[in-house]
Amino acid sequence: MLDRAKHDAMANAIRALSMDAVAAAKSGHSGLPLGAADVATVLFRDFLNFDPADPAWPDRDRFVLSAGHGSMLIYSLLHLIGVKEASMDQLKAFRQLGSKTAGHPEFGHLAGVEVTTGPLGQGIATAVGMALSERNLNARFSSKLVDHYTYVLAGDGCLMEGISQEAITLAGHLKLSRLIVLWDDNGISIDGPVSITDSTDQLARFAASGWATIAIDGHDPEAISKALAKAKTSDRPTLIACKTTIGYGFPTKAGTSTAHGAITDAKELADAKEKLGWKSAPFVVPADVYDLWKATGARGAKAHAEWNARLAAAKPKAREEFQRVTAGTLPKGLAKAIRSVKASAITNPQEVATRKAGEIVLDALAPIMPEIISGSADLTGSNNTRAKGMTPIKAGDFKGQFVHYGIREHAMAAAMNGLALHGGTIPVGGTFLVFSDYCRPAIRLSALMGLRAVYVFTHDSIGVGEDGPTHQPVEHVASLRAMPNLDVFRPCDLTETAEAWECALQNEHRPSVLALTRQNLPQLRKDAGAKNLSSLGAYELLGADGRADVTIFASGSEVSLAVKARSELLATGILARVVSVPCMDRFLAQPESYRKKVIGRAKVKIAIEAGVRQGWDAIIGNDGAFIGMEGFGASGPAGKVFAHFGITAEAIVAAAKARVQR
């Protein structure tokens, strides 16, 4: 360990840069970087394996700043250890439009930022997925290639959020011993002392959830070091409660809720620097302090070089597979597997629910894609997300492909983000579509970060039937479609389900939702061609045998109703065509020429979907007819519920005739 004076110089560099950046921006959060600087210094200097020259090397330790509001902590650290992108100019541009140093850390903006954080609790839950991915890849490729830790710095707010309970119980149950959480235990939240809102014994809470716990003085470098060393020997995840002072160094604001936000008062800042013994001008770090931090980067570079040697010495087949999955490259057999499923749908057509169709596809994918880590929030038999041959991941045996997430939808979605961010694993998770509300904050971060994650949401409409309106999604598909950078697929049969899966896996920088039915549906597609029509978002399923009077647009289970209505209309002399819309998001992103071609020039445009109208006007116009839901559902057999709400082929025919005759 360094002597205390050198340690203080390193920690105070973080504090000074954080004060300077917040003051320059006149915005930000001063308290956490100043309070947690000692903890972060010991972690980065003595424990974290991280190479500033290659911040993305696969076997690096991960650092997650769950308390993302304290972003200047990670930005200062990355700058001090020598990450080129974290230049002094970027620190000076903190929170400015176009800078890499955003108000909260954003994955993909600045090298070394492992995850987008800010919504409290998401970081610690995402880290569970990272730690799970590390153990899974370790089981596949051995400690020679995968042997690292996931460290989290979390605040009081992270531990108050409900998602943290889901996450820590999952991590404790799985005994994810490579997960170490450093709790910035400063006892302060925005409204004042934490004691005005919470009296939880966090150490007892974590211990009851299967964690090892340690309590230390978060400003004592020796205590921090001993705690981290002990945590690395545990057979369980570890919580280190680091008692700190928020805004450490501020003469009048330290230890108060005021320190949480932006401290920009010139006298307070000057007095703080004097108290800390920091004599340099704003945004200036002495050369000898830089040298101390550079030694940290050199240690990471050495660990990286040793790993490179182990990778080079690995057996060629293992090395190639490791490089493939960590690069996110899909296997060569993917297209063939999808074509095989599509061919079987034609040669052996059968009525199956699209949730079952999804399982058929997953059965074909799992053997050729061991990187798929599937799971379900206690609905495995309903979501059909466990393929044949998938063994469960459990404590001490991480080589499987299936996670029993339990009734933890929110933590499941966040852990999926961690699995995707870590690399080498592709997450799949299932629950009922109506419970996507429990997942939504994490799904939003999937979309914001541009992650390949596949959300399998079954029981996608009033077709749920007897379970009634609490379990019948009505607004959910439209709501998810409204989210940027998220593909929402609602396939109508096995063929479209296979195509949706192919699209989802090819979406390297975009998450996907597969909204799948509970009820059986007929096989509608008659082609088994190599072309993925669903990738276009919408396409003509059945023409009109002439210039159409009516075009019927539908998704999912309602496509079969549209097909039936078309036949009835043709029998009465009304020329109708059917357009299947498995993914509205993709269709609206197509060139205008394609959209016009698919929408066509029929006088009457009708859309049918067992959900709300929102979004459909982009296709049918605000004068188009919509057959769907205007309120919540009702309990009863699915067929009777559809009839009760008028979502039927007969309703389509009636609407078409009425409008054609106008």
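About the cut-offs
Residues numbered from 1 in each chain as written. Predicted model: local features only at pLDDT ≥ 70, side-chain atom pairs only at ≥ 80, totals over all residues. Heavy atoms only, no water. Helix = DSSP H or I, 4+ residues; strand = E, 2+ residues; numbered from the N terminus. Buried < 20%, exposed > 50% of the residue type's maximum accessible area, 1.4 Å probe, protein only. Contact = heavy atoms within 4.5 Å. Areas by Shrake-Rupley, 256 points an atom, 1.4 Å probe, with all protein chains shown as cover. Lys, Arg positive; Asp, Glu negative; His and termini not counted. Charge placed at Lys NZ, Arg CZ, Asp CG, Glu CD. Axes fitted to C-alpha atoms, helices over the stretch in contact; angles between N-to-C directions. Parallel < 35°, antiparallel > 145°, perpendicular 65-115°, else oblique. Left-handed = near helix turned anticlockwise from the far one by under 90°. Nonpolar A, V, L, I, M, F, W, Y, C, P; charged D, E, K, R; others polar. Expected span 1.5 Å × (residues − 1). Pairing = 2+ DSSP bridges. Phe/Tyr/Trp six-rings, centres within 6.5 Å; stacked < 30°, edge-to-face > 60°. Lys NZ or Arg CZ within 6 Å of the ring centre and 35° of its normal. Core = buried A, V, L, I, M, F, W, Y, C linked by side-chain atoms within 4.5 Å. Salt bridge = Lys/Arg side-chain N within 4 Å of Asp/Glu carboxyl O. Disulfide = S-S within 2.5 Å.

**What to know about the overall build of the protein**
Link 1 in the chain: The secondary structure content of the protein amounts to 25 helices and 18 strands.
Link 2 in the chain: Dimensions of the protein along its principal axes, counting C-alpha atoms only, are 90 × 55 × 45 Å.
Link 3 in the chain: Each of the 662 residues in the protein was classed as buried or not, and the buried ones make up 61%.
Link 4 in the chain: Across the protein, the fraction of contacts at a sequence separation of at least 24, relative to all contacts at a separation of at least 6, is 78%.
Link 5 in the chain: A total of about 24,400 Å² of accessible surface is found on the protein, and carbon and sulfur atoms cover 52% of it.
Link 6 in the chain: Charge centroids of the protein, computed over 72 positive and 67 negative side chains, lie 5 Å from each other.

**Digging into the packing of helix H5 (residues 122-141) against helix H7 (residues 162-174)**
Link 1 in the chain: Packing of H5 against H7 brings their axes to within 8 Å, and their N-to-C directions diverge by 25 degrees. Between H5 and H7, the crossing angle belongs to the class labelled roughly parallel. Considering how the two elements wind past one another, H5 and H7 form a crossing that is left-handed. Only Ile163, Ser164, Ala167, Ile168, Leu170, Ala171 and Leu174 of H7 make contact with H5, whose side of the interface consists of Gln122, Ile124, Ala125, Val128 and Leu132.
Link 2 in the chain: Classifying every residue of the contact of H5 with H7 by side-chain character gives 10 nonpolar, two polar and no charged.

**Some details on H5**
Link 1 in the chain: Spanning 20 residues, H5 covers 28 Å between terminal C-alpha atoms, matching the ideal 28 Å at 1.5 Å per step.
Link 2 in the chain: Most of H5 sits out of view: 18 of its 20 residues are buried.

**Points about the pairing of strand E2 (residues 150-154)**
Link 1 in the chain: A large share of E2 lies buried, amounting to five of its five residues.
Link 2 in the chain: The alternating pattern of E2 places Thr150, Val152 and Ala154 and Tyr151 and Leu153 on opposite faces, both of which are buried.
Link 3 in the chain: Where strand E1 (residues 62-65) lies against E2, four bridges are found, and the strand directions are parallel. Bridge pairing links Phe63 to Tyr151 in E2.

**Remarks on unusual backbone geometry**
Link 1 in the chain: For Lys26, which is not glycine, the phi dihedral falls at a positive 55 degrees.
Link 2 in the chain: Here Lys26 lies in the loop between helix H1 (4-25) and helix H2 (31-47).
Link 3 in the chain: A positive phi angle, close to 55 degrees, is found at His459, a residue other than glycine.
Link 4 in the chain: Take His459: it is sitting in the loop between strand E11 (454-458) and helix H18 (476-481).

**A look at the environment of Ala655**
Link 1 in the chain: Here Ala655 is to be found in helix H25 (residues 649-660).
Link 2 in the chain: Expressed as a C-alpha distance, the spacing of Ala655 and Ile606, which sit 49 residues apart in the sequence, is 7.9 Å.
Link 3 in the chain: Discounting residues that sit within four places of it in the chain, Ala655 has contacts with Ile606 and Ile627.

**Considering the packing of aromatic side chains**
Link 1 in the chain: As enumerated under the stated definition, the model contains 11 aromatic pairs in all.
Link 2 in the chain: In textbook terms, an aromatic cluster arises when at least three aromatic residues are bridged by ring pairs, as seen for Trp57, Phe141, Trp307 and Phe322.
Link 3 in the chain: Geometry around Phe402 places Arg386 over its ring, the cationic atom sitting 5.7 Å from the centre.

**Describing the nonpolar core**
Link 1 in the chain: Core analysis: the largest hydrophobic core is formed by 118 residues, its most contacted members being Leu179, Leu228, Ile240 and Trp293.
Link 2 in the chain: Not counting residues within four places of it along the chain, the set of residues in contact with Leu179 comprises Ala127, Val128, Ala131, Thr150, Val152, Ala171, Trp211, Pro237 and Thr238.
Link 3 in the chain: If you look at the next biggest cluster of nonpolar residues, it comprises 50 residues, including Leu536, Leu541, Val581 and Val604.

**Looking at the sheet that holds E2**
Link 1 in the chain: Read across the sheet, five strands follow the order E1-E2-E3-E7-E6 without closing on themselves; strand pairing throughout is parallel. Strand pairing shows two members of the sheet lacking a second neighbour, E1 and strand E6 (212-217), which therefore form its edges. Across the sheet, the axes of successive neighbouring strands diverge by a mean angle of 20 degrees, strand direction being ignored.
Link 2 in the chain: With five bridges connecting them, E2 and strand E3 (residues 179-185) associate as parallel partners. Considered in E3, the bridge of Leu153 is made with Leu182.

**Here we look at the pattern of salt bridges**
Two side chains that carry opposite charge are able to pair once their charged atoms sit near each other.
Link 1 in the chain: Taken as a whole, this structure holds 34 salt bridges when the rule is applied.
Link 2 in the chain: With a shortest N-O distance of 3.1 Å, Arg45 and Asp46 are connected by a salt bridge.
Link 3 in the chain: For Asp46, a relative accessible area of 30% puts it in the partly exposed group.
Link 4 in the chain: Here Glu540 ties to Arg577 by a salt bridge, and the two come within 2.7 Å at their closest N and O atoms. A residue pair is termed long-range when its members are at least 10 positions apart, and Glu540 in strand E14 (residues 539-542) and Arg577 in strand E16 (residues 576-580) qualify at 37 residues.
Link 5 in the chain: Through salt bridges with shared partners, a single network forms among Asp460, Arg481, Arg490, Glu558 and Glu609.

**Topic: H7**
Link 1 in the chain: Here H7 contains 13 residues, and its C-alpha end-to-end distance of 19 Å stays within 8% of the 18 Å for a straight helix at 1.5 Å per residue.
Link 2 in the chain: Looking at H7, one finds that the buried residues are Ile163, Ser164, Ala167, Ile168, Thr169, Leu170, Ala171, Gly172 and Leu174.
Link 3 in the chain: If you follow the buried residues of H7, they end up packed against H5, helix H6 (156-160), E3, helix H8 (202-208), strand E9 (402-404) and helix H16 (409-422).
Link 4 in the chain: In the segment just after H7, Lys175 is the residue with positive phi, at about 55 degrees.

**Comments concerning the pairing of strand E8 (residues 372-376)**
Link 1 in the chain: The element E8 is extensively covered by neighbouring structure, given that five of its five residues are classed as buried.
Link 2 in the chain: Here E8 shows a buried face lined by Ile372, Ser374 and Ser376 and a second buried face lined by Ile373 and Gly375.
Link 3 in the chain: Relative to strand E10 (residues 426-432), E8 runs parallel, the two being bridged by three bridges. Bridge pairing in E10 links Ile372 to Ile426.
Link 4 in the chain: With three bridges joining them, E8 and E9 adopt parallel strand pairing. Its bridge partner lying in E9, Ser376 is registered against His404.

**Some words on the state of the cysteines**
Link 1 in the chain: Tallied over the entire structure, the rule returns zero disulfides.
Link 2 in the chain: No disulfide involves Cys583; its sulfur sits 7.5 Å from the nearest other cysteine sulfur, which is in Cys503.

**Digging into the environment of Ile627**
Link 1 in the chain: Looking at the element boundaries, Ile627 is found in strand E18 (residues 625-627).
Link 2 in the chain: Once the C-alpha coordinates of Ile627 and Ile652 are considered, the two residues, 25 residues apart in sequence, prove to be 7.4 Å apart.
Link 3 in the chain: Residues in contact with Ile627, not counting those within four places in the same chain, are Ile606, Ala607, Ile608, Glu609, Gly646, Ile647, Ala651, Ile652 and Ala655.

**Section: the side chain of His304**
Link 1 in the chain: Among the secondary structure elements, His304 is positioned in helix H11 (residues 287-313).
Link 2 in the chain: Here His304 falls in the buried class, since its relative accessible area comes to 8%.
Link 3 in the chain: With residues up to four places along the chain from it excluded, the contact list for His304 reads Asp51, Asp54 and Trp57.

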